[in-house]
Amino acid sequence: MANNEMMANAIRALAMDAVQQANSGHPGAPMGMADMAVALWGDHLKHSPQNPHWMDRDRFVLSNGHASMLLYSVLHLTGYKLPIKELKNFRQFGSKTPGHPEVDVTPGVETTTGPLGQGLTNAVGFALAEKLLAKEFNREGHTVVDHSTYVFMGDGCLMEGISHEAAALAGAWKLGKLIALYDDNGISIDGQVGPWFIDNTPMRFTAYGWNVVGPVDGHDAQAVSAAIAAAKATSDKPTLIVCKTHIGKGSPNRANTAKAHGEPLGAEEIQLTRDALNWPHTPFSVPQESYDAWDAKAKGLALEAEWNAKFAAYKTAYPELAAELVRRMKGDLPKHFSQLAVDTVVGAHTKAETVASRKASQLALESFTAGLPELLGGSADLTGSNLTNTKATPNLRFDANGDVVQLEAGNGSLIGGRHINYGVREFGMAAIMNGVALHGGFIPYGGTFLTFSDYSRNAIRMAALMKLRVVHVFTHDSIGLGEDGPTHQSIEHAASLRLIPNLDVWRPGDTAETAVAWAVALQNKHKPTALLLSRQNLPYAPKDDLGQISKGAYVLAEPIEVGMKKKAQAVIIATGSEVQLALKAQELLATHKIAVRVVSMPSTTTFDLQKPAYKSEVLPEGIPRIAVEMGVTAGWWKYGCAAVVGIDSYGESAPAAVLFKHFGFTPENVADTVRKVLTKK
């Protein structure tokens, strides 16, 4: 048996054995892509099994994540800390081999994949981050950022629309170190894809500006390896390698059928497959010669040692750059961040400007982007509306050769762009930001309208699942955007985003709250943040204490502040633009000798994490609560509200002032609601 064939058959055997034992999983794709894995991992991939987080390793993404047993098998065989018992425990509770690859669960897994197309898009983010860091940190004679990103993907990934968004941007950005290997087997869950997937994939990627290699025989490891070598020689564009394969390769009766895709082969077929592959070993048994052929530990340590020597020389020549690169790859904020955050928040409080919270966001970003070079911004073709650009973040551009265009900064130095024009690609933007965050070195943020968060929702969920520091800037957050009408007016979106576990959602009401929201988002090292921001101007709400804002909710105004020397009879809870309604309603109620407390709750998700004592301090027991937010009422009842002034229908096309009156978002209606609650009490 040839060495390559033996290595590939080890993957096939482990994949079918693990799926059979779990009685669940996808054996066909791992069996079909086994030779592709031999070519990449055996001949090209730069990695170190004993140090999965080595900074300059190549990144590998399994976009068709249902083929997880391919990755688990290779990680086990090459020497990662993934013993055979974990493969035997495939898809079982508490194992390191979940049904789809999960980052930070399995050593060597770079990103969580499963929702098809997003892995490819994450890979674009990886490659972009590498390219930008290389331009920023490498110096002549000192190349310390120099790695490739490889991705395996299948027909399903290419059918998903996000693959178009990602591939188009990869071509525009000329990501020469991005190499995608397409498992072209013509089978999906419903069978032969011919009736529903007729794309000419090579021509499609050529049109994106990619280098296309193949088709090649995906079961000829030497041919695939040669194609990868050719791809690595192309520096000005990403490469697609089309690999013609047979799903379930080796299975006499299941190969080339949809049945090989998502169910165990069965004991009888597995034995027939073992015979056909000339693999006489018992389940989960791999001969030592196969382990020896796969073992990458020594090679990995040598590659890592070589890079360590390069980095030591770099550190000697450029100590400040070296320290900065290490800091950013660790994801640590600079030492001056705390003071920067304080200065930004206090500055907003002192100026007390009346601006839209989208503008307040830009004002905060002016400060944070100037002080944090790792901030990498962008917008899905709405820069002038989202206000995600700042003086410190010129637009990212690439020249004809694919090099990052550098511009002269204010101090005379040259800097690359730090604001990305993603085009109208909300989903692609969100998943690319996930890849950038996973790679390290940057904190990505990107903007669109809140109503279009629906486009990017699954990537937002994936960021929350992966615990990534990604910031979504969602402007035009309510019916307050006015004339564009219900297609653009957010109704259910705030409540919907708050339902995503581990997503921090902020809807600030003025410049200080917005600055605090940004400061919290930047410190959320293990969770993404969504900032919901207004189109319309919001007056500044005077406040005595800035320290409580970061807790998600705080007492903004007591009855004494409208001249009432008595305890509050009710609490009005408000977010964002509705804080002003609450304050004006408080004044109206005071004229009727009704005392109320106004609580600003810019972040329900943060407030919900506070200690019970603080929650009771802000929302005392026994006092009726009335919530006010221009969105669905559903999420507010958990706070024990007696009433909610909200909107449980879609909006209308009209000037904002007309809509506010029509839907009851007036101080008078809020005050009337409070009075009705107190009358019923």
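Right, let's walk through the structure included here.

Quick notes on the rules
- Residues numbered from 1 in each chain as written.
- Predicted model: local features only at pLDDT ≥ 70, side-chain atom pairs only at ≥ 80, totals over all residues.
- Heavy atoms only, no water.
- Phe/Tyr/Trp six-rings, centres within 6.5 Å; stacked < 30°, edge-to-face > 60°.
- Helix = DSSP H or I, 4+ residues; strand = E, 2+ residues; numbered from the N terminus.
- Buried < 20%, exposed > 50% of the residue type's maximum accessible area, 1.4 Å probe, protein only.
- Axes fitted to C-alpha atoms, helices over the stretch in contact; angles between N-to-C directions.
- Parallel < 35°, antiparallel > 145°, perpendicular 65-115°, else oblique.
- Left-handed = near helix turned anticlockwise from the far one by under 90°.
- Contact = heavy atoms within 4.5 Å.
- Nonpolar A, V, L, I, M, F, W, Y, C, P; charged D, E, K, R; others polar.
- Expected span 1.5 Å × (residues − 1).
- Arc of directions from axis to C-beta.
- Polar contact = N/O pair within 3.5 Å; in protein donor to acceptor, adjacent residues only side chain to side chain.
- Pairing = 2+ DSSP bridges.
- Salt bridge = Lys/Arg side-chain N within 4 Å of Asp/Glu carboxyl O.
- Core = buried A, V, L, I, M, F, W, Y, C linked by side-chain atoms within 4.5 Å.

Here we take up the packing of aromatic side chains. Under the counting rule described, the total for this entry stands at 16 aromatic pairs. Ring centres 5.1 Å apart and planes at 20° place the aromatic pair W307 and F311 in the stacked group. Residue W307 and its partner F311 are located together in helix α12 (residues 297-317), separated by four residues, close to a single helical turn. Given the relative accessible area of 7%, W307 is considered buried. What links up through ring pairs into an aromatic cluster is the set W307, F311, Y314 and Y318.

The next point concerns the packing of helix α17 (residues 426-439) against helix α18 (residues 453-466). It is the contact of α17 with α18, at a shortest axis distance of 6 Å, that shows an interaxial angle of 20°. Comparing the axis directions of α17 and α18 gives the class roughly parallel. Once α17 is placed against α18, the crossing between them reads as left-handed. Residues E426, F427, A430, A431, N434 and L438 of α17 form the contact with α18, whose own contacting residues are Y455, S456, N458, A459, M462, A463 and M466. By residue class, the composition of the contact of α17 with α18 is nine nonpolar, three polar and one charged.

For the rest of this paragraph, the subject is helix α9 (residues 221-232). For α9, with 12 residues, the first-to-last C-alpha span of 16 Å sits near the 16 Å given by 1.5 Å per residue. Buried within α9 we find A221, V224, S225, A227, I228 and A231. Down the axis of α9, the sector holding all buried residues measures 160°, keeping them to one side. Buried-residue contacts for α9 involve α1 (3-22), α2 (28-43), β2 (149-154), β3 (178-184), β6 (211-217) and β7 (239-244). For α9, the N-terminal cap is D220; the gap from its side-chain oxygen to the backbone nitrogen of Q222 is 3.1 Å.

We now examine the sheet that holds strand β13 (residues 443-449). In spatial order, the strands read β12-β9-β13-β14-β16-β15; together these six strands make up an open sheet with parallel pairing. For this open sheet the edge positions go to β12 (419-421) and β15 (504-506), each flanked by a neighbour on one side alone. Strand-to-strand twist of the sheet, defined as the mean angle between neighbouring strand axes without regard to direction, takes the value 20°. Where β15 and strand β16 (residues 529-532) come together, three bridges link them in parallel fashion. Bridged to V505 within β16 is A530. Packed on one face of the sheet, helix α20 (residues 511-523) meets β9 (375-379), β13, β14 (471-475), β15 and β16 and runs near 170° to β15.

Moving on, we get to the pattern of salt bridges. With the rule as written, the count across this model stands at 24 salt bridges. The residue E110 makes a salt bridge to R57 at a minimum N-O spacing of 2.7 Å. Within this pair, whereas E110 is found in the loop between α4 (84-88) and α5 (118-137), its partner R57 is found in the loop between α2 and β1 (59-62), the two being separated by 53 residues in sequence. Overall, the relative accessible area of 8% leaves R57 in the buried class.

By size, the foremost hydrophobic cluster in this structure holds 79 residues, and its most contacted members are F368, I479, W518, I572, L619 and F665. A total of nine residues in this core trace back to one element, the largest contributor, which is α20. Residues contacting I572, with those up to four places away along its chain left out, are A582, A585, L589, V596, R597, V598, V599, I626, V628, V670 and V674. By size, the runner-up hydrophobic cluster in this structure holds 62 residues, among which are V103, V242, A380 and V470.

What follows concerns the environment of N253. Along the chain, N253 turns up in the loop between β7 and α10 (267-277). Taking C-alpha positions, N253 is 46 Å from S496, a pair spaced 243 residues apart along the chain. The residues touching N253, leaving out its near neighbours within four places in the chain, are E269 and L272.

Further remarks concern the side chain of T529. As for its placement among the helices and strands, T529 is situated in strand β16. Looking at T529, the relative accessible area reads 0%, which means it is buried. Leaving out residues up to four positions away in the same chain, T529 has contacts with V470, V471, H472, L503, D504, W506, A521 and N524.

Counting buried positions along β2 yields six of six residues, so the element is predominantly enclosed. With burial as the criterion, each face of β2 is covered, one bearing T149, V151 and M153 and the other bearing Y150, F152 and G154. In terms of strand pairing, β1 meets β2 through four bridges, oriented parallel. Following the sheet pairing, V61 is matched in β2 by V151.

A few words now on α12. The first and last C-alpha atoms of α12 sit 30 Å apart over 21 residues, in line with the 30 Å expected at 1.5 Å per residue. For α12, the set of buried residues is G300, E304, W307, F311 and Y314. Along α12, the residues classed as buried sweep out an arc of 75° about the axis, all on the same side. Facing away from the buried side of α12 by over 90 degrees, the exposed positions are A298, A309 and T316. Structurally, α12 contributes buried residues whose contacts are with α5 and α13 (319-330).

Just distances and angles here, no functional claims.
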